[in-house]
2 protein chains.
Amino acid sequence: MEKHGAEGRERSYRKAAVRRAEILARAIELFAERGVGASLRAIGEAIGVSHAALRYYFPSRDELLVEVYRAHEQGEYDDPPPDSVSAVGVMERSAERNRAIPGLVELYATLTTDALQGEQHPLTRDFVRDRFSVVRGHLADRVRAGQRAGAIAADIDPDDAASLVIAASDGLQLQGLLDPEAVDVRRALALLERLLPASPQVDQHDRA
Amino acid sequence: MEKHGAEGRERSYRKAAVRRAEILARAIELFAERGVGASLRAIGEAIGVSHAALRYYFPSRDELLVEVYRAHEQGEYDDPPPDSVSAVGVMERSAERNRAIPGLVELYATLTTDALQGEQHPLTRDFVRDRFSVVRGHLADRVRAGQRAGAIAADIDPDDAASLVIAASDGLQLQGLLDPEAVDVRRALALLERLLPASPQVDQHDRA
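This structure is a prediction, so every number in the text was calculated from the model and none was measured.

The rules behind the values
- Residues numbered from 1 in each chain as written.
- Chains lettered and ligands numbered in written order.
- Predicted model: local features only at pLDDT ≥ 70, side-chain atom pairs only at ≥ 80, totals over all residues.
- Heavy atoms only, no water.
- Least-squares fit on C-alpha atoms with pLDDT ≥ 70 in both.
- Contact = heavy atoms within 4.5 Å.
- Buried area = accessible area lost by both parts, 1.4 Å probe.
- Salt bridge = Lys/Arg side-chain N within 4 Å of Asp/Glu carboxyl O.
- 1 Å grid on protein atoms, 1.4 Å probe; cavity = no way out; pocket = protein on both sides within 12 Å on 5 of 7 lines; lining within 4 Å.
- Points joined across faces, edges and corners; volume = space filled by probe spheres on them.
- Helix = DSSP H or I, 4+ residues; strand = E, 2+ residues; numbered from the N terminus.
- Nonpolar A, V, L, I, M, F, W, Y, C, P; charged D, E, K, R; others polar.
- Axes fitted to C-alpha atoms, helices over the stretch in contact; angles between N-to-C directions.
- Parallel < 35°, antiparallel > 145°, perpendicular 65-115°, else oblique.
- Left-handed = near helix turned anticlockwise from the far one by under 90°.
- Buried < 20%, exposed > 50% of the residue type's maximum accessible area, 1.4 Å probe, protein only.
- pLDDT = per-residue confidence, 0-100.
- Polar contact = N/O pair within 3.5 Å; in protein donor to acceptor, adjacent residues only side chain to side chain.
- Core = buried A, V, L, I, M, F, W, Y, C linked by side-chain atoms within 4.5 Å.
- Expected span 1.5 Å × (residues − 1).
- Lys, Arg positive; Asp, Glu negative; His and termini not counted.
- Phe/Tyr/Trp six-rings, centres within 6.5 Å; stacked < 30°, edge-to-face > 60°.

**A closer look at the relation of the copies chain B and chain A**
The two copies are related by a screw motion: chain B maps onto chain A through a turn of 180° and a shift of 0.0 Å along the axis, at an RMSD of 0.1 Å. In short, the pair behaves as if placed about a two-fold rotation axis. For chain B, the minimum C-alpha distance to the rotation axis belongs to A168 of chain B and amounts to 2.1 Å. A high fraction, 100%, of the interface residues of chain B reappear at the interface in chain A, so the copies pair face to face through one surface.

Following this line, the structure appears as structure tokens:
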């Protein structure tokens, strides 16, 4: 009886996990196509899941949005760029992927805006803050590698450079979506790449 | 009778304009203190204006948000930095001002996110797109001035540089608000300033 109950519980956990994954997959499709400007109720209607069921698997809109974004990023982590790729190169690849999914940049913008309103969106704030921290860490490692290889000036702070590269990439994608004819994301990021390896600090030190 | 009516109308226009300005001023205070995560109704309650009155002066939440942001920016336009200030320097000043008003960066993030959902927020989309275009134009002029003065490499595209500087400034302020201990906005912007005047294109050309 005990055992049977445990088996039954396990089967129903598995079923719930599968259902949750199905809902997530449909939400990912929906956001990629139509963006995220919708309530949890409207999302449920669009993907054909009752509001009650949706709330069972994703207690809040915030949690669903974070999970959709996390699922997308997992794809990037599963296929990381080789170590030889620079910090800017990593963001160029990411921007290239995002170009195919405009809803994703919208989702990202929504998450970061919600994160700023942290009192109303504590889960989103923690997710976005942690994510920035992790990505800064990864990129700073690549800046350090560039410095060891002599490609990036040794006195550039790797954390500052990492923050700058992320900011540039985020901001350029946003401008590019709003005005694709006026903003060339790829070229502007290439400009940063070209600038980072420079060693103008010699001049700066001379002047100081 | 006709004349009296016209006078009456003019007086009531003036009264309406004053009332609108009062409401705007209170909304500006509110957003600076508490951010924008609120419906038009909640904003009305917080600033002590009935929902009906608020809707009379600002037909939509979008219009109120845009007007609040516009009013803030007017302050910057009224006191523009001297021509000698670089493109990055202009954004450093702006970031410095914003530091005192965290609600403003939140408002800005809300506007840009809404702009991405342009079908639901056409007014915001047009405002944000036009604003980016105007700021890019101003900054590109300063990059060109830097190039004429020999401080910035001549083969850098001024529009790309302008987009990059705006993106970096926007993204850094957001990261800085979320994690002030991990991100030094001023130092990371200074890094971009240091990189922009460089002329690494000599190396790049040699390699090509």
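Continuing now.
**Some details on the interface of chain B and chain A**
Interfaces are often described in size by the accessible area the parts lose on coming together. At the junction of the two partners, chain B supplies 48 residues and chain A supplies 48 residues. In total, about 4200 Å² of surface goes out of reach between chain B and chain A, with carbon and sulfur atoms giving 65% of it. Of all residues in chain B, the largest losses of buried area upon contact with chain A belong to L116, L178 and R194 of chain B, amounting jointly to 18% of the total for that side. Counting every contact that joins chain B to chain A gives eight salt bridges.

**Considering empty space enclosed by the protein**
Residue and element names in this part refer to chain B. Overall, the coordinates contain one cavity of 30 Å³ or more when judged by the stated rule. Reported here for the largest cavity is a volume of approximately 40 Å³. Along its surface, the largest cavity is lined by Y69, Y108, L111, T112, F127, V128, R131 and F132. Where the lining of the largest cavity is concerned, the elements lending two or more residues are α6 (102-116) and α7 (122-148). Examining the composition of the lining of the largest cavity, we find that four residues originate from one element, α7, more than from any other. Residues that form the lining of the largest cavity fall into these classes: six nonpolar, one polar and one charged.

**Observations concerning the packing of helix α5 (residues 87-99) of chain B against helix α8 (residues 158-178) of chain B**
All names here are of chain B. Remark: α5 packs on α8, axes separated minimally by 10 Å, with the N-to-C direction vectors making an angle of 25°. When the axis of α5 is compared with that of α8, the two are roughly parallel. For the pair α5 and α8, the sense of crossing is right-handed. Facing α5, whose interface residues are A87, V88, M91, A95 and N98, α8 presents V165, I166, S169 and Q173. Along the lines of polarity and charge, the residues of the contact of α5 with α8 split into six nonpolar, three polar and no charged.

**A short note on the pattern of salt bridges**
One pass over the structure, following the stated rule, counts 28 salt bridges over all chains. A salt bridge links E96 of chain A to R99 of chain A, with the nearest nitrogen and oxygen atoms 3.3 Å apart. Pair noted here: E96 of chain A and R99 of chain A are both in helix α5 (residues 87-99), with a separation of three residues, about one helical turn. Residue R99 of chain A is classed as partly exposed on the basis of its relative accessible area, which comes to 48%. Ionic pairing is found between D157 of chain B and R187 of chain A, a salt bridge with its closest N-O pair at 3.9 Å. Within this pair, whereas D157 of chain B is found in the loop between α7 and α8, its partner R187 of chain A is found in helix α9 (residues 185-195), the two belonging to separate chains. Through salt bridges with shared partners, a single ionic network connects D157 and D160 of chain A together with D184 and R187 of chain B.

**Things to note about the confidence of the model for chain A**
Interpreting fine coordinate detail is not advised for predicted regions of low pLDDT. All names here are of chain A. Looking at chain A, the pLDDT average stands at 84 and 90% of residues meet or exceed 70. By mean pLDDT, the top-scoring element of chain A is helix α8 (residues 158-178) (95), and the lowest-scoring one is helix α10 (residues 201-207) (39). Taken together, the stretch residues 198-208 has pLDDT below 50 and engages in 11 contacts with residues farther than four places along the chain or on a different chain.

**Some remarks on the side chain of Q175 of chain B**
Of note, Q175 of chain B is situated in helix α8. A polar atom in the side chain of Q175 of chain B sits 3.1 Å from the backbone oxygen of S163 of chain A. Apart from residues no more than four positions distant in its own chain, Q175 of chain B is found in contact with F132, R136, S163, I166 and A167 of chain A together with V183 of chain B.

**Some details on the nonpolar core**
Counting 120 residues, the largest nonpolar core has L139 of chain A together with L139 of chain B as the members making the most contacts within it. Beyond its immediate stretch of four places on either side in the chain, L139 of chain A contacts A87, V90, M91, A162, V165 and I166 of chain A.

**Remarks on α6 of chain B**
Given a rise of 1.5 Å per residue, 15 residues ought to cover 21 Å, and the 22 Å separating the end C-alpha atoms of α6 of chain B matches this to within 8%. In terms of residue burial, α6 of chain B counts as a mostly covered element, since 14 of its 15 residues are buried.

**Focus: the layout of surface pockets**
A volume near 860 Å³ is recorded for the largest pocket. M91, S94, R131, V135 and D170 of chain A are, among the 43 residues lining the largest pocket, the residues nearest its centre. Mapped by element, the contributors of at least two residues to the lining of the largest pocket are α4 (61-78), α5, α6 (102-116), α7 (122-148) and α8 of chain A together with α6 and α8 of chain B. Of the residues assigned to the lining of the largest pocket, the class counts are 20 nonpolar, 12 polar and 11 charged.

**Re the side chain of D62 of chain A**
All names here are of chain A. Examined against the element boundaries, D62 turns out to sit in helix α4. It is R61 that comes nearest to the buried, bridge-free D62 among opposite-charge side chains, at 4.8 Å. A distance of 3.4 Å separates the side chain of D62 from the side chain of T124, its partner in a polar contact. With sequence-adjacent residues up to four places away left out, D62 is seen in contact with D114, Q120, H121, L123 and T124.

**Comments concerning the packing of aromatic side chains**
Residues and elements named next belong to chain A. For the structure shown, the criterion picks out six aromatic pairs over all chains. Their ring planes at 75° and their centres at 6.2 Å tell us that Y69 and F127 sit as a pair that is edge-to-face. Highlighted residues: Y69 in helix α4 and F127 in helix α7, separated in sequence by 58 residues. Accessibility expressed as a relative area gives 5% for Y69, which makes it buried.

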